[in-house]
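Analysis of the macromolecular model
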Amino acid sequence: MAHASNTANVATALPSPLNPAEPLIFEVSRAGRSASAQRPIGLPEIRLSAKFRRQVAPGLPQVSELQAVRHFTRLSKLNFSIDTHFYPLGSCTMKYNPRACNTLAMLPQFLGRHPLAPETNSQGFLACMYELQEMLKDVTGMAGVSLTPMAGAQGEFAGVAMIRAYHRARNDLARTEILVPDAAHGTNPATATMLGMTVREIPTDAEGDVDLDKLAAVVGPQTAGIMLTNPSTLGVFERNIARIAKLVHEAGGLLYYDGANLNAILGEVRPGDMGFDVIHMNLHKTFSTPHGGGGPGAGAVGVSQRLLPFMPIPVVGKAGEGSGSSYRWLDEKDLPQTIGRLSAFMGNAGVLLRAYVYARLLGREGMHRVAEFATLNANYLQARLRDLGFDLAYPKRRATHEFIVTLKRQKQEIDLTATDIAKRLLDYGYHAPTVYFPLLVPECLLIEPTETEDKETLDAFVAALCAIWEEAKRDIAFVKGAPYKMPVRRLDDVRAARQLDIRYVAGTGVSAL
Amino acid sequence: MSNTPAELKYAKSHEWVKKLPDGTLLIGITDHAQAALGDLVFVETPKVGRKLAANEACCVVESVKAASDVYAPVAGTVTETNTKLGENPELVNDAPYEGGWLWKLQPDKLADVDGLLDADSYIASIA
């Protein structure tokens, strides 16, 4: 199905000679134009049977080198990123990624290492990975760590796969139910479902803790485990964690720790000490590796003693001590009960190296300060916004590393919504907080400043929120029209979702499904 | 103020139930629920013939904000679904009690409907 124009779905700001819109690079393409310096001198002979060769040239843009450079440089200037803007995107931990981590992880000796290089040629890399495993064990209180999951979601998958493998190894086959609090990230029930488990939702009480009576009523011989995020997605510490652990363990189930909010407790309390059997860590959050647009991430898993045999492979092992020690990959032969491999090699090596450098830079001392400043910043922001009249979702609770403002009252009184604030914040130069998550809280902003922000930035953000509220009281229609300073205006997200139309057919100026 | 017709029955989880003359039930989500969800972009109704337990999650409504489950208010068998919602999920927003109905149910026990909330109790539950 073809549409007349690919821009029809988008309410673009009107371009003018003073405010030109950045076109798609395909729109500036002219037949025959190319980067002359890059033009090949005579094409090499292609030794490929004609039936495998494409008949039509690919629809690549034809532009000059400088056109390409300027186009992508201008696009990069349109980015909101942690290097340019305050980015309080709750639950995502958008903290600063120290340059030192990049610099060291990109040493040519690391970059040039082939994943199939023999262990004898990879001792330095393997030593880093072994030490990272040890540091993550130490800071989470787990008995073993495997670095191999490529992302948080894969870490979750590995975690629940290990829970399943554990019950199966004991021939305890009736345990097919995973308990998930209603505040959980959607990935938790999705993970359990992917592994063939049945998901049972546990309600949350009025102060944000798991409802213990409801939990006690549903645990039993069918319980494989519970997936908990602590601090929870509501930005509060689960106060009953010890009782939850006891309840679930006594029923024969295991406890899974979703590491989404590990930043709040790093070095202060350890999931292993809370009774968790398996944990995944989003290294791209807590250990400050870059958040890509969907990757590469790293979702290392930690396990308690009883899940050690089931860890995903490979894991790095060490033989000997001191100068005589050596490192090697542990595989199926070492861990015959493993849930297996999750990728061709061992996860995203470059991301793991960045996490390793970050952990080494912090040291044990610094890990404490991560959690302390993350919670201090969140509580400072929370207190200032509360004092200025914003409603907190959990006013009786201290914030962890993040907290929730609800605009339910503003919506009722002046029709100011979370979306309106999020869009207007862009004009003020801030990335929006997370909006409409957790689903339990109406018109919510989930705000996570992280430990790497200074007080002036937090104060300026508070001032922006107050200014937007004032604007809305004077002229709600104005705020509903935001953003005004962005390359595009308020997008019709409903129409975009209903008429999903994301493919551009090069050369025709037409998008098609 | 959302619209809550007095002649319908309601579940706490925001479904409405209408008794049809042939003994089946028409089921949808309330005006309050559609307003809270925002503009729907996708509706997945249960399969015709599926047997539902009371309070079983059987239908998904997805807005730009979130995907939410819709629950069976009473036990029974699905006899028909609103096929128009495939192309026009916005019917649920525009007319939650009319063109935006979700599915028809042959209840196991018609009397189960009497155990649901009346309009006043439902209004009280969402206040």
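Per-chain numbering applies: the sequence of each chain, read as written, is numbered from 1 onward. Lettering for chains starts from A, numbering for ligands starts from 1, and both go in the order in which the items are written. The predicted origin of the model limits local features to residues at a pLDDT of at least 70 and limits the giving and counting of side-chain atom pairs to 80 or more, whereas totals for whole chains, interfaces and linings rest on all residues.

1. Section: the overall build of chain A
- Per the convention used, a helix needs a DSSP run of H or I reaching at least four residues, while a strand needs a run of E reaching at least two, with both numbered from the N terminus. In terms of regular secondary structure, chain A is built from 16 helices and 15 strands.
- Atoms counted for the radius of gyration: C-alpha only. Globule rule: 2.2 Å times the number of residues to the power 0.38. At 26 Å, chain A has a C-alpha radius of gyration in line with the 24 Å of a compact globule built from 513 residues.
- With C-beta atoms placed from the backbone, a residue is labelled by how many other C-beta atoms lie within 10 Å of its own: buried for 20 or more, exposed for 12 or fewer, partly exposed between the two. Across the 513 residues that make up chain A, the buried fraction comes to 40%.
- The long-range fraction of contacts in chain A, counting pairs at least 24 apart against all pairs at least 6 apart in sequence, stands at 74%. Contacts are defined on C-beta atoms placed from the backbone: any two residues whose C-beta positions lie within 7 Å are in contact.

2. Section: the overall build of chain B
- What chain B contains, in helices and strands, is three helices and nine strands.
- Taken from N to C terminus, the helices and strands of chain B fall in the order β-β-β-α-β-β-β-β-β-α-β-α.
- Over its C-alpha atoms chain B spans a radius of gyration of 13 Å, differing by no more than 12% from the 14 Å that the globule rule assigns to 127 residues.
- Expressed as a percentage of the 127 residues in chain B, the buried residues total 39%.
- In chain B, of all internal contacts separated by at least 6 residues, the share reaching a separation of at least 24 is 64%.

3. Structural notes on the sheet that holds strand S2 (residues 177-181) of chain A
Residue and element names in this part refer to chain A.
- Pairing between strands is defined by DSSP: at least two bridges between the two strands are required. Strand order in the open sheet formed by seven strands is S1-S7-S6-S5-S4-S2-S3, and the pairing between neighbours is mixed. The open sheet has two free edges, formed respectively by strand S1 (144-146) and strand S3 (198-202), since each of these has just one partner strand. Between one strand axis and the next, the sheet turns by 20° as a mean value, whatever way the strands run.
- With three bridges joining them, strand S6 (residues 278-280) and strand S7 (residues 301-303) adopt antiparallel strand pairing. The residue of S7 that forms the bridge with His 280 is Val 301.
- Its contacts with the sheet put helix H5 (residues 152-169) on S2, strand S4 (223-229), strand S5 (254-258), S6 and S7, and the angle it makes with S6 is roughly 165°. Between N-to-C directions, angles span 0 to 180 degrees; the directions come from axes that are lines fitted to C-alpha atoms, helices contributing only their stretch in contact.

4. Quick notes on the sheet that holds strand S5 (residues 51-52) of chain B
- Pairing within the open sheet is antiparallel, and its six strands lie in the order S1-S2-S3-S9-S8-S5 (chain B). The two strands at the open ends of the sheet, each matched to only one other strand, are strand S1 (9-10) and S5 of chain B.

5. Brief notes about helix H1 (residues 65-77) of chain A
- One less than the number of residues in a helix, times 1.5 Å, gives the span that helix is expected to have. In a regular helix each residue adds 1.5 Å, so 13 residues correspond to 18 Å; H1 of chain A covers 18 Å between its end C-alpha atoms and thus fits that length.
- In terms of burial, H1 of chain A is largely open, as just zero of its 13 residues are buried.

6. Describing the pairing of strand S7 (residues 67-71) of chain B
Residues and elements named next belong to chain B.
- With five bridges connecting them, strand S6 (residues 57-63) and S7 associate as antiparallel partners. Paired with Ala 57 across the strands is Tyr 71, a residue of S7.
- Hairpin geometry of S6 and S7 is characterised by an intervening segment of three residues between the two adjacent antiparallel strands.

7. A word on the environment of Asn 230 of chain A
Residue and element names in this part refer to chain A.
- Along the chain, the position of Asn 230 falls in the loop between S4 and helix H8 (241-250).
- Judged by C-beta crowding, with 25 C-beta atoms within 10 Å, Asn 230 ranks as buried.
- Measuring from C-alpha to C-alpha, the distance between Asn 230 and Arg 424 comes to 32 Å, with 194 residues separating the pair along the chain.
- Ignoring any residue separated from it by four or fewer positions in sequence, one finds Asn 230 in contact with Phe 237, Glu 238, Ile 241 and Tyr 257.

8. As for the nonpolar core
- Leu 132, Met 162, Tyr 256, Val 278, Leu 352, Ala 355 and Cys 444 of chain A are the most contacted members of the largest nonpolar core, which totals 120 residues.
- When residues of this core are assigned to their parent elements, the largest contribution, 16 residues, is made by helix H11 (residues 349-387) of chain A. Definition of nonpolar core: a set of buried Ala, Val, Leu, Ile, Met, Phe, Trp, Tyr and Cys residues joined via C-beta atoms within 7 Å.

9. Quick look at the environment of Leu 110 of chain B
Residues and elements named next belong to chain B.
- Among the secondary structure elements, Leu 110 is positioned in the loop between strand S9 (103-107) and helix H3 (119-126).
- Exposure remark for Leu 110: the 14 C-beta atoms within 10 Å place this residue in the partly exposed category.
- Along the backbone, Leu 110 and Pro 89 are 21 residues apart, and their C-alpha atoms lie at a distance of 29 Å.

10. Considerations on the packing of H11 of chain A against helix H14 (residues 455-474) of chain A
Residue and element names in this part refer to chain A.
- Here H11 crosses H14 at 30°, and the two axes come no closer than 10 Å. By the angle class used here, H11 and H14 are roughly parallel. For the pair H11 and H14, the crossing hand works out as right-handed. Side by side, H11 and H14 meet where Asn 377, Tyr 380, Leu 381, Arg 384 and Leu 385 of the first sit next to Leu 458, Val 462 and Leu 465 of the second.
- Tallied by class, residues from the contact of H11 with H14 come to six nonpolar, one polar and one charged. Working definition: roughly parallel below 35 degrees, roughly antiparallel above 145 degrees, roughly perpendicular at 65 to 115 degrees, and oblique for all remaining angles. By convention, the crossing between two helices is left-handed when the near helix turns anticlockwise from the far helix through less than a right angle, and right-handed when the turn is clockwise. Just so you know the grouping, Ala, Val, Leu, Ile, Met, Phe, Trp, Tyr, Cys and Pro go in nonpolar, Asp, Glu, Lys and Arg go in charged, and all remaining residues, Gly too, go in polar.

11. Some remarks on helix H13 (residues 418-427) of chain A
Residue and element names in this part refer to chain A.
- Taken across its ten residues, H13 has eight buried, putting it largely inside the fold.
- If you check which residues of H13 are buried, you get Ala 418, Thr 419, Asp 420, Ile 421, Ala 422, Lys 423, Arg 424 and Leu 425.
- On the buried face of H13, the contacting elements are strand S12 (434-435), strand S13 (444-447), H14 and helix H15 (476-480).

12. Concerning the pairing of strand S8 (residues 76-81) of chain B
Residues and elements named next belong to chain B.
- Bridge count between S5 and S8: two bridges; the pairing is antiparallel. Bridging from a neighbouring strand, Leu 52 pairs with Gly 76 of S8.
- Relative to S9, S8 is paired through five bridges, and the arrangement is antiparallel. Across the sheet, the residue bridging to Gly 76 is Pro 107, located in S9.

13. Some remarks on the domain arrangement of chain A
- These domain boundaries are the output of an automatic or database domain assignment. By domain assignment, chain A separates into domain 1 (25-44 + 57-77) and domain 2 (122-362).
- Using C-alpha coordinates to define each centre, domain 1 of chain A is positioned 45 Å away from domain 2 of chain A.

14. Overview of the environment of Ser 81 of chain A
All names here are of chain A.
- Mapped onto the elements, Ser 81 comes out in the loop between H1 and helix H2 (99-105).
- Its 12 C-beta neighbours within 10 Å are what place Ser 81 among the exposed residues.
- In sequence terms Ser 81 and His 431 are 350 residues apart; their C-alpha atoms lie 8.1 Å from each other.

15. Some thoughts on the packing of H5 of chain A against helix H6 (residues 187-194) of chain A
Residues and elements named next belong to chain A.
- Relative orientation of the contacting elements H5 and H6 amounts to 50°, with a least axis distance of 9 Å. One finds that H5 runs oblique with respect to H6. Relative to H6, the crossing made by H5 is right-handed. Each of Ala 153, Glu 156, Phe 157 and Val 160 in H5 lies in contact with H6, whose residues at this interface are Thr 187, Asn 188, Thr 191, Ala 192 and Met 194.
- Residue composition of the contact of H5 with H6, grouped by class: five nonpolar, three polar and one charged.

16. Section: the confidence of the model for chain B
- Each residue carries a pLDDT score, the predictor's own confidence in it, on a scale running from 0 to 100. Here chain B averages 94 in pLDDT, while 99% of its residues score no lower than 70.
- Here the prediction assigns the complex a pTM of 0.86, and the interface score ipTM is 0.73.

17. Description of the confidence of the model for chain A
- Averaged over every residue, the pLDDT of chain A is 90; the share at 70 or more is 94%.
- Contacts from residues 1-13 of chain A, a stretch scored under 50 in pLDDT, to residues over four places away or in other chains number 29 contacts.

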